[in-house]
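Fold and contact review
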Amino acid sequence: MYILAIVGSPRIDGNTNYLADQALDEAHQLGAETEKIILSQHKLSPCLVHTNCRELDSCAQKDDGSWILDKFCEADAVILATPVYYYDISAWMKIFIDRNWFLNRHRKKCRAKAVGIIVVAGGVGVEDTVNSMNRFVNSSSFNYIPRDKIFTVTGSALDPGDAKTNQQLTREAREMGRQLVASLK
Ligand SMILES: Cc1cc2nc3c(=O)[nH]c(=O)nc-3n(C[C@H](O)[C@H](O)[C@H](O)COP(=O)(O)O)c2cc1C
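Reference entry: report on the structure contained in this document. (Residues numbered from 1 in each chain as written. Predicted model: local features only at pLDDT ≥ 70, side-chain atom pairs only at ≥ 80, totals over all residues. Heavy atoms only, no water.)

Any space left empty among the atoms is revealed by the rolling of a water-sized probe across them. Estimated volume of the largest pocket: approximately 190 Å³. Elements with a contribution of two residues or more to the lining of the largest pocket: α1 (15–29) and β4 (114–121). (1 Å grid on protein atoms, 1.4 Å probe; cavity = no way out; pocket = protein on both sides within 12 Å on 5 of 7 lines; lining within 4 Å. Points joined across faces, edges and corners; volume = space filled by probe spheres on them. Helix = DSSP H or I, 4+ residues; strand = E, 2+ residues; numbered from the N terminus.)

Counting residues in each nonpolar core, the largest one holds 37 residues, and the members touching the most others are Phe72, Leu80, Phe96, Met133 and Phe142. Within the residue set of this core, elements represented by two or more residues are β1 (2–7), α2 (65–74), β3 (77–83), α3 (91–99), α4 (101–105), β4 and α5 (126–137). Here the element with the most residues in this core is α5; it accounts for five residues. Non-local contacts of Phe142, meaning those with residues more than four positions away in its chain, are made with Phe72, Val78, Leu80, Lys109, Cys110, Ala112, Val115, Phe136 and Val137. Formed by 26 residues, the second largest nonpolar core is a distinct cluster that contains Leu24, Ala27, Met176 and Leu180. (Core = buried A, V, L, I, M, F, W, Y, C linked by side-chain atoms within 4.5 Å. Buried < 20%, exposed > 50% of the residue type's maximum accessible area, 1.4 Å probe, protein only. Contact = heavy atoms within 4.5 Å.)

A cluster of nonpolar side chains, Tyr85, Tyr86, Tyr87 and Val124, forms an exposed patch at the surface whose accessible area comes to about 520 Å². Note on placement: Val124 falls in the loop between β4 and α5. Residue classification places Val124 among the exposed residues on the basis of a relative accessible area of 55%. (Patch = residues over 30% accessible without salt bridge, like charges linked within 9 Å, V, L, I, M, F, W, Y side chains within 5 Å. Areas by Shrake-Rupley, 256 points an atom, 1.4 Å probe, with all protein chains shown as cover. Salt bridge = Lys/Arg side-chain N within 4 Å of Asp/Glu carboxyl O.)

This paragraph deals with the pairing of strand β2 (residues 33–38). In terms of strand pairing, β1 meets β2 through six bridges, oriented parallel. Residue pairing across strands places Ile6 opposite Ile37, the latter belonging to β2. In terms of handedness, the path from β1 via α1 over to β2 forms a crossover that is right-handed. (Pairing = 2+ DSSP bridges. Right-handed = clockwise from strand over helix to strand, strands pointing away.)

Taken together, five strands build an open sheet; the order of strands is β2-β1-β3-β4-β5 and the sheet is parallel. Sheet topology places β2 and β5 (150–156) at the edges, where each strand pairs with a single neighbour. Neighbour-to-neighbour, the strand axes of the sheet open up by a mean angle of 15°, direction not taken into account. Contacts from α1 reach β1, β2, β3 and β4, with the element oriented near 170° to β2. This element, α5, spans β3, β4 and β5 of the sheet and lies at about 155° to β4. (Axes fitted to C-alpha atoms, helices over the stretch in contact; angles between N-to-C directions.)

Now the structure itself:
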């Protein structure tokens, strides 16, 4: 059981990364193999929309996007974690999503059977951002994921450490880890 978290916040000591860690730690304690990719720590450039994408063996954008997509495809469950930036997902998360166009053109899907969505905002824009994440989960990159296998944690946290001192939010993130493991069994 392999659970991968993709984190769209560049703040390593930030709230999104912390909550992803909590979910992964819980899943790991319950026996899952876990991994986390913080997108900003890798070379990841936007999709260039090559018209011959379909004919290419690998993405023409030669950066870390290809292996990140490979891992994404292999995971039994994925956690997609993003801060709210101007009422929507972060640019890092958007670049990752757009790079999924390569999968679309090659009729490839990730094998995930369950998804965790983590969205953290200072205060506003959570709903729009969760909707954006859900739209991606409904996209061609995924096989159909029933609603009861999509686990969403949202929180209000502005500065690094805010989520950590929020016990309820921390509990919810850990619960997500448990739910993901349970839904894969
Ligand atoms: C570029 C940028 C845009 C932001 N836009 C919003 C916003 O629209 N609504 C909001 O409530 N918070 C907004 N924030 C605050 C972040 O969502 C908040 O600080 C969050 O904790 C960041 O997550 P992190 O700690 O994982 O980096 C913004 C922060 C940045 C850097």
